[in-house]
Each structure stands twice: as structure tokens, then as C-alpha cells.
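# Report on the structure
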Amino acid sequence: MNENLFASFATPTMMGLPIVILIIMFPSILFPSSNRLINNRLISIQQWLVQLTSKQMMTIHNNKGQTWTLMLMSLILFIGSTNLLGLLPHSFTPTTQLSMNLGMAIPLWAGTVFMGFRHKTKAALAHFLPQGTPIFLIPMLVIIETISLFIQPMALAVRLTANITAGHLLIHLIGGATLALMDISPSTALITFIILILLTILEFAVAMIQAYVFTLLVSLYLHDNT
Amino acid sequence: MNVKIEELPRSILMWDFIPKGITGVFQRGSYRYYNKYVNKKGSLTGVSMVLAVYVLFNYILPFLQGTQT
């Protein structure tokens, strides 16, 4: 039972070859590019969604921050599509692996921090001490602010990993419970089945919300630093 | 193909598997699939066929991993 529960999070191999890279590249097939002014339905819907999201997310930034638009839009598209594809049966979700989320969070956060230190050094250093602190609290507060700065990438990565992994585990557990209850008491199995349906709807929402939260926080760190 | 059946093995031996040729095969195949099923009014069928093949592939995957079922 234990082995079965976590076996779906093992990186997939096919006859010894790791195919996890192919699975990470798979969502890009679902976003075709086009050379025309008026496109087919699929591309038009995707372009409309990207314009809606980019307008909502990038208007708060100045010119320097808006150079990150391409990065943030591809980020939200990648995390959203990967999370949604992970809800298909038997599929592997790359964002359940902490290694991958750390690989996304640390470079992006470090990029915003270095940009802030390079262009606005005094303002970036001033973030370490909030205004109006009593003098005797200053050393402790600088330490606390430093720790809270360095925890930001860890929090970004672990938040995404934990949310998606927990959702998948809950679906596995409640689905297994429904199957086991079908022989014992069909009415209880019906209740667990309804819970499973509600949970799946929640997981669809969580998949998209987590992508949005990740990207929004990176954009917030960018706004602080530009 | 512009080859007679008797000369097929000899012509296959003359293929050179350069990366550009292999990517050309995949590109042409995917363009054909895209133009036939996705680049139309009903692009939902094209996308859902791709997703169905993805689900089936992930189902078959444990059976291809040696002795693990």
C-alpha cells in the first residue's frame, strides 16, 4: 500500500532510459505557434488568455520590470499546463518534484535580487530594515529580514511542490477508499465518490491558482527590486 | 517513394541518419497531423486525440519497465 501510494511520483523511465525530459517538453505541443493574423480557434483562445493574463499582471511594473514579461508569461503557462496535465489519469507531474521547483524558484528570485542590488543598491539594502524601528531592535531585525529574504525561494518551491503533491495523494487515497468501500457498503462508497468529484474540481482550481501564485510572487519580488 | 520493391533493402542501407533528417521526419509528420485535425473549426478533436494517446502511453509505461507491473 505504501509503495503503491508513492510509486506515481517516481520519475518515469522506459526500459532504463529516463523519459522525464520528454514529459516536461510535452505541454509545449499543446501551444502551437502561428504566422497568421487570424488564427484557428485553439491559437485564438490561447492568445486571448495570454493577453488577459499579461495585462493583469504586468501593468504594475515600470519599463525595467516589463522586460520580464516574456519570462513571467512562459512561467505561468508552463506551470499551469503542467499541473493541469498532471490531473489526467496515470500521468506524471514534473512539478511534484522539489528539485524542479527549486530549479525554477531560485534562479528567478536570485535574478530579481541581483537586479535590485545592481540598479538600486541603497533601496535594496534599505529593505533589510523597516522604517521606524527602535534602535535597540535594529541588529535583531536585520537578521530576521535577512532570513526572511533567503526563505523566499524555498517558500516558492515548497509551496508549489506541497500543494500539488498533497492534492494528488488525496485523490489516490480517496479513490482507493471508494473502490474498497464498494463491496462493503455502496451508499458510503457513493458519498466518498461525491467527495472525490468535489476534490477533483478543487484540484483543477488549485492547479491554475498555484501557477498564478508562483508567477505573482516572482513579479512582486521584481516590483520591489526595480 | 521512388524505389522499386526489389531495390528497397539497398536503398534503405543508403539512408544517412543525420539529425536534420530525423527532425525533418518528425516535423513533417506533426505538420500533417496539425493541418488535418487541429487547424480546423473543430480543433478540440485534434487536441483530445493527443491527450488520449498521452494517457494510454502513461498507462503502458510500467509494463515497459522490465519486470515491474
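Conventions adopted
Residues numbered from 1 in each chain as written. Chains lettered and ligands numbered in written order. Predicted model: local features only at pLDDT ≥ 70, side-chain atom pairs only at ≥ 80, totals over all residues. Heavy atoms only, no water. UniProt positions renumbered as here; feature names shortened; annotations may be inferred. Helix = DSSP H or I, 4+ residues; strand = E, 2+ residues; numbered from the N terminus. Buried < 20%, exposed > 50% of the residue type's maximum accessible area, 1.4 Å probe, protein only. Contact = heavy atoms within 4.5 Å. Expected span 1.5 Å × (residues − 1). Buried area = accessible area lost by both parts, 1.4 Å probe. Salt bridge = Lys/Arg side-chain N within 4 Å of Asp/Glu carboxyl O. Nonpolar A, V, L, I, M, F, W, Y, C, P; charged D, E, K, R; others polar. Axes fitted to C-alpha atoms, helices over the stretch in contact; angles between N-to-C directions. Parallel < 35°, antiparallel > 145°, perpendicular 65-115°, else oblique. Left-handed = near helix turned anticlockwise from the far one by under 90°. Core = buried A, V, L, I, M, F, W, Y, C linked by side-chain atoms within 4.5 Å.

Going by the annotation in an unreviewed UniProt entry, the name recorded for chain B is ATP synthase F(0) complex subunit f, mitochondrial, with Equus asinus given as the source organism. According to the UniProt record, the Sequence similarities (unreviewed entry) comment for chain B reads "Belongs to the ATPase F chain family." According to its UniProt record, chain B has this under Subcellular location (unreviewed entry): "Mitochondrion inner membrane".

Per UniProt, chain A carries the name ATP synthase F(0) complex subunit a and comes from Equus asinus. A UniProt comment under Catalytic activity is attached to chain A, and it reads "H(+)(in) = H(+)(out)". Quoted verbatim from the Subcellular location field of the UniProt record, the comment on chain A reads "Mitochondrion inner membrane".

### Describing the side chain of A:Thr161
Residue and element names in this part refer to chain A. Structurally, Thr161 is set in helix H8 (residues 138-184). Owing to a relative accessible area of 10%, Thr161 belongs among the buried residues under this scheme. Excluding residues that lie within four positions of it along the chain, Thr161 makes contacts with Thr95, Thr96, Gln97, Leu98 and Asn101.

### Here we look at the UniProt feature "transmembrane region" (unreviewed entry) in chain B
Under the UniProt annotation, the feature "transmembrane region" (unreviewed entry) is placed at residues 42-61 of chain B. The distance from the first to the last C-alpha atom of residues 42-61 of chain B is 30 Å, and the span holds 90% helix and 0% strand.

### Brief notes about helix H6 (residues 98-119) of chain A
Given 3.6 residues per helical turn, the α-helix brings residues three or four places apart onto the same face. Residues and elements named next belong to chain A. The terminal C-alpha atoms of H6 lie 31 Å apart, and with 22 residues this matches the ideal 32 Å at 1.5 Å per residue to within 8%. All of the buried residues in H6 are Met100, Asn101, Met104, Ala105, Leu108, Trp109, Ala110, Thr112, Val113, Met115 and Gly116. Check the buried side of H6 and you find it contacts helix H2 (20-25), helix H4 (63-66), helix H5 (69-85), helix H7 (121-126), H8 and helix H9 (186-225).

### Looking at the interface of chain A and chain B
Contacts between the two partners involve 19 residues from chain A and, on the opposite side, 17 residues from chain B. Where chain A abuts chain B, roughly 1700 Å² becomes buried across the two surfaces, and 69% of that area is made up of carbon and sulfur atoms. Applying the counting rule to chain A against chain B returns zero salt bridges. Broken down by secondary-structure element, the contributors of at least two residues to the side of chain A that touches chain B are strand S1 (13-14) and helix H3 (41-58) of chain A. Among the elements that make up the side of chain A that touches chain B, the one with the highest residue count is H3(A) (three residues). For the side of chain A that touches chain B, the class distribution of residues is 14 nonpolar, four polar and one charged.

### Here we look at helix H3 (residues 43-60) of chain B
Taking 1.5 Å as the rise per residue, H3(B) with 18 residues should run 26 Å; its terminal C-alpha atoms sit 26 Å apart, in good agreement. Within H3(B), the full set of buried residues consists of B:Ser43, B:Gly46, B:Val47, B:Val50, B:Tyr54, B:Val55 and B:Asn58. Here the buried face of H3(B) lies against H2 and H3 of chain A together with helix H2 (19-38) of chain B.

### Overview of the packing of H5(A) against H9(A)
Helix packing geometry: the angle between the two helix axes and the distance between the axes. All names here are of chain A. In contact at an axis separation of 8 Å, H5 and H9 are set at 160° when each is read in the N-to-C sense. One element, H5, and the other, H9, form an angle in the roughly antiparallel class. The hand of the H5/H9 crossing is right-handed. Note on element contacts: H9 touches H5 through Phe204, Ala207, Met208, Gln210, Ala211, Tyr212, Phe214, Thr215, Val218 and Ser219, opposite Leu72, Leu75, Ile76, Ile79, Gly80, Asn83 and Leu84. Split by residue class, the contact of H5 with H9 holds twelve nonpolar, five polar and no charged.

### Examining the UniProt feature "transmembrane region" in chain A
Residue and element names in this part refer to chain A. Per the UniProt annotation, the sites labelled "transmembrane region" are residues 12-32, 68-88, 97-117, 135-155, 164-184 and 189-209. Span residues 135-155 is 86% helix and 0% strand, its end C-alpha atoms 30 Å apart. Within residues 164-184, the helical portion is 100% and the strand portion 0%, while the C-alpha atoms at the span's ends are 31 Å from each other.

### Side note on the nonpolar core
Nonpolar side chains in soluble globular proteins generally cluster together in the buried interior. Counting residues in each nonpolar core, the largest one holds 27 residues, and the members touching the most others are A:Leu75, A:Ile79, A:Met104 and A:Phe214. Looking at this core element by element, the count peaks at eight residues for H6(A). Counting 15 residues, the second-largest nonpolar core is a separate cluster that includes A:Ile43, A:Phe92, B:Val47 and B:Val50.

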